[in-house]
Amino acid sequence: MGRFHRHDHDHGHHGGHDHDDQDHHHTPADGRRTYVADGHGDHSGYATGSERVVVLERIFEENDQTATANRRDFDDAKLLAVNVMSSPGAGKTTLLAETLRRLHDRLRIGVVEGDIETGIDAERLSGFGAAIALINTANGFGGECHLDAPMVRSALARLPLAELDLLIIENVGNLVCPAEFDVGAHARAMIYSVTEGEEKPLKYPVMFRSCDLVVVNKVDLIPHLDYELAAFYHNLRAVNPGVTVIETSARTGLGIDLWCEWLCGLRPEAPSMPLRNEPS
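Residues numbered from 1 in each chain as written. Predicted model: local features only at pLDDT ≥ 70, side-chain atom pairs only at ≥ 80, totals over all residues. Heavy atoms only, no water.

### Quick notes on the overall build of the protein chain
Right, on to step 1. A count of helices and strands for the protein chain gives eight helices and nine strands.
Right, on to step 2. A buried classification covers 56% of the 280 residues belonging to the protein chain. (Helix = DSSP H or I, 4+ residues; strand = E, 2+ residues; numbered from the N terminus. Buried < 20%, exposed > 50% of the residue type's maximum accessible area, 1.4 Å probe, protein only.)

### Focus on unusual backbone geometry
Right, on to step 1. Phi angles above zero are rare outside glycine, and Thr118 is one such case at about 70°.
Right, on to step 2. When you line up the elements, Thr118 lands in the loop between β4 (109-115) and α3 (120-124).
Right, on to step 3. Of note in this structure, Lys218 is not a glycine but carries a positive phi near 65°.
Right, on to step 4. Relative to the elements of secondary structure, Lys218 occurs in the loop between β8 (213-217) and α7 (229-239).

### Observations concerning the sheet that holds strand β3 (residues 80-86)
Right, on to step 1. What the seven strands build is an open sheet, ordered β5-β4-β6-β3-β7-β8-β9; its pairing is parallel. The strands lining the two open edges of the sheet, one partner per strand, are β5 (131-136) and β9 (244-247). Strand-to-strand twist across the sheet, computed as the mean angle between neighbouring axes with direction ignored, equals 20°.
Right, on to step 2. Relative to β5, β4 runs parallel, the two sharing six bridges. (Pairing = 2+ DSSP bridges. Axes fitted to C-alpha atoms, helices over the stretch in contact; angles between N-to-C directions.)

### A look at the packing of aromatic side chains
Right, on to step 1. One pass over the full model with this rule turns up six aromatic pairs.
Right, on to step 2. An aromatic cluster of at least three residues, connected via ring pairs, comprises Tyr192, Phe208, Phe232 and Tyr233. (Phe/Tyr/Trp six-rings, centres within 6.5 Å; stacked < 30°, edge-to-face > 60°.)

### Focus on the confidence of the model for the protein chain
Right, on to step 1. On average, the protein chain scores 85 in pLDDT, and the residues at 70 or more come to 79%.
Right, on to step 2. Counted against residues more than four places away or in other chains, residues 7-38, with its pLDDT under 50, gives 76 contacts.
Right, on to step 3. Within the model, pLDDT remains below 50 along residues 273-280, and this stretch shows 18 contacts once partners closer than five positions in the same chain are excluded. (pLDDT = per-residue confidence, 0-100. Contact = heavy atoms within 4.5 Å.)

### Structural notes on α7
Right, on to step 1. Among the residues of α7, those classed as buried are Leu229, Phe232, Asn235, Leu236 and Val239. For α7, the angular spread of the buried residues around the axis is 125°, confining them to a single face. Those residues of α7 that are exposed and angled more than 90 degrees off the buried face are Ala230, His234 and Ala238.
Right, on to step 2. The secondary structure elements touched by the buried residues of α7 are β7 (187-193), α5 (200-203), α6 (205-210), β8 and β9. (Arc of directions from axis to C-beta.)

### Observations regarding the nonpolar core
Right, on to step 1. By size, the foremost hydrophobic cluster in this structure holds 28 residues, and its most contacted members are Val82, Ile109, Leu166, Trp259 and Trp262.
Right, on to step 2. It is helix α8 (residues 256-265) that contributes the most residues to this core, six residues altogether.
Right, on to step 3. Among residues more than four places away in sequence, those in contact with Trp259 are Val84, Leu95, Leu96, Thr99, Ala189, Leu213, Val215 and Ile246.
Right, on to step 4. Counting 20 residues, the second largest nonpolar core, distinct from the first, contains Leu79, Ala81, Met151 and Leu167. (Core = buried A, V, L, I, M, F, W, Y, C linked by side-chain atoms within 4.5 Å.)

Below, the structure is given as structure tokens:
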């Protein structure tokens, strides 16, 4: 599925998408017919443009139907699901390990851990009391660079959904494909590292635009980098003006409690926890 992409103006968190004219063609001045799937971009560079559009629509239709089923199961279990995305190396797993450590006595947490190969990250998240289901996309899912709704659904039978308050879906590290697939989560958070550069929101707008929260991680490294945080914020606001932002350092603990409070705030009935003193 990662070979096909939704156009960035047609992203949605919930369910299917209706298009009256999914596969239409245009005939420009040179007489070459181009095929454009509404909401799914221009495939005119391929000789098989129209066939790709049909396949694309079937892929996303299956995904969106399964995402709706996932969300229904989450709602029936009275749990809240969060899709956590990032590029490789942004510090997502380190942040989540600290999250599990701080919240294990406050919320019953499950984790769907996505990776192409290995259980390294799943092992790093073990030992904190969370129920963990590993998905390696190389095992039956074509080695895809993202999680989609059918993949997540394959993991749900291995989790005690009725006994959980919060499900964290740690997506495969990638700034493109994960943003395009609804997995049934109620909210989306993106972990961004300052080491990635200020221009990332402009280069990967679909990812930054799709999120309810952007966690700016590794801020403790800023003094050692040629990096302007103000420039990043300018670029972020250009693509997602109203997004919530939390600055963190998974290494020093800065901002981790704010991140935990954001997660718990998605469930207002969660017991309160005094914020720890954090480094200035």
